[in-house]
Amino acid sequence: MWSTSGCYNNVIGYKAGLNSGGGENTIIGFKAGYCNGGYRNILIGKCAGYSNGAYENIFMGSNAGKCNTTGNENLFIGNCSGKFNTTGYYNTFLGSTTGWCNTTGRYNTFLGACAGRNASGSENIFIGKTSGCIVTTGTCNVFLGDYQGTTTTCNTIAIKAGTNTLKVDDAGCLTLNG
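Structure report, in brief.

Rules and cut-offs
- Residues numbered from 1 in each chain as written.
- Predicted model: local features only at pLDDT ≥ 70, side-chain atom pairs only at ≥ 80, totals over all residues.
- Heavy atoms only, no water.
- Salt bridge = Lys/Arg side-chain N within 4 Å of Asp/Glu carboxyl O.
- Helix = DSSP H or I, 4+ residues; strand = E, 2+ residues; numbered from the N terminus.
- Buried < 20%, exposed > 50% of the residue type's maximum accessible area, 1.4 Å probe, protein only.
- Phe/Tyr/Trp six-rings, centres within 6.5 Å; stacked < 30°, edge-to-face > 60°.
- Lys NZ or Arg CZ within 6 Å of the ring centre and 35° of its normal.
- Contact = heavy atoms within 4.5 Å.

1. Some words on the pattern of salt bridges
Following the criterion strictly, the structure yields two salt bridges and no others. For the salt bridge of Glu 56 with Arg 40, the shortest nitrogen-to-oxygen distance reads 2.9 Å. Linking Glu 56 in the loop between strand S3 (42–44) and strand S4 (58–60) with Arg 40 in the loop between strand S2 (26–28) and S3, this pair joins segments that are 16 residues apart in sequence. Here Asp 146 ties to Lys 129 by a salt bridge, and the two come within 3.7 Å at their closest N and O atoms. One end of the pair, Asp 146, is in the loop between strand S9 (142–145) and strand S10 (157–161); the other, Lys 129, is in the loop between strand S8 (125–127) and S9, with 17 residues separating them in the sequence. In this structure Lys 129 comes out as exposed when scored by relative accessible area, which is 55%.

The following block contains the structure:
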């Protein structure tokens, strides 16, 4: 255990929790929770939760939640999942690079490899590989399947299966392609 001041932490791994001042954390992996000042977190994987200063997060995977500073109650599972999240909270990212560029977005659910990879908006649900991966600032979307959207897509529901797409946009227009 490398922790310099935290209480009730379980720490395993080289330089894991080295500068940790938080408490009641489980930190496992090379430099996981390296600068952790948060409480009641589970940080597992190389550099998982490296800069975490928040509470009640679960980061599992290499670089998962690496840049998180004050984003609370997030669940990031997968290689680089939520890597650049800083203040976003109540997010669920499951899959490799899901929510990778999210910095401040909140209340998002991204499931599948690369889902929501570039998104930093809030209240989005992207399910499926690369679902919503083009969206950057869009909010309040629900995408199922490989529908990628546009950078600013908002208030849209889209389902894509193979070459078929069903979409209802923010103007209430229904589009069926395929």
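2. Let's talk about the packing of aromatic side chains
As enumerated under the stated definition, the model contains 12 aromatic pairs in all. The interplanar angle of 15 degrees and the centroid separation of 5.4 Å between the aromatic rings of Tyr 90 and Tyr 107 together place this pair among those described as stacked. Placement of Tyr 90 in the loop between strand S5 (75–77) and strand S6 (92–94) and of Tyr 107 in the loop between S6 and strand S7 (109–111) is noted, with a sequence separation of 17 residues between them. Note on Phe 126 and Phe 143: the rings are 4.9 Å apart at their centroids and 25 degrees apart in plane angle, and the pair reads as stacked. With Phe 126 in strand S8 and Phe 143 in strand S9, the pair connects residues that are 17 residues apart, well separated along the chain. Per residue, the accessibility class of Phe 126 equals that of Phe 143, and both read buried. Among the aromatic residues, those joined into a cluster by ring pairs are Phe 59, Phe 76, Phe 93, Phe 110, Phe 126, Phe 143 and Tyr 147. One residue, Lys 31, lies across the ring of Tyr 34, its end atom 5.6 Å from the ring centre. Over the ring of Tyr 50 we find Lys 66, and its NZ or CZ is 5.7 Å from the ring centre.

3. Considering the environment of Phe 84
Assignment of secondary structure puts Phe 84 in the loop between S5 and S6. Classification of Phe 84 by relative accessible area gives partly exposed; the value is 31%. C-alpha separation for the pair Phe 84 and Phe 59, spaced 25 residues apart in sequence, amounts to 12 Å. Leave out the neighbours within four places in its chain, and Phe 84 touches Cys 67, Trp 100, Cys 101, Asn 102 and Thr 103.

Read these as spatial facts, not as claims about activity.
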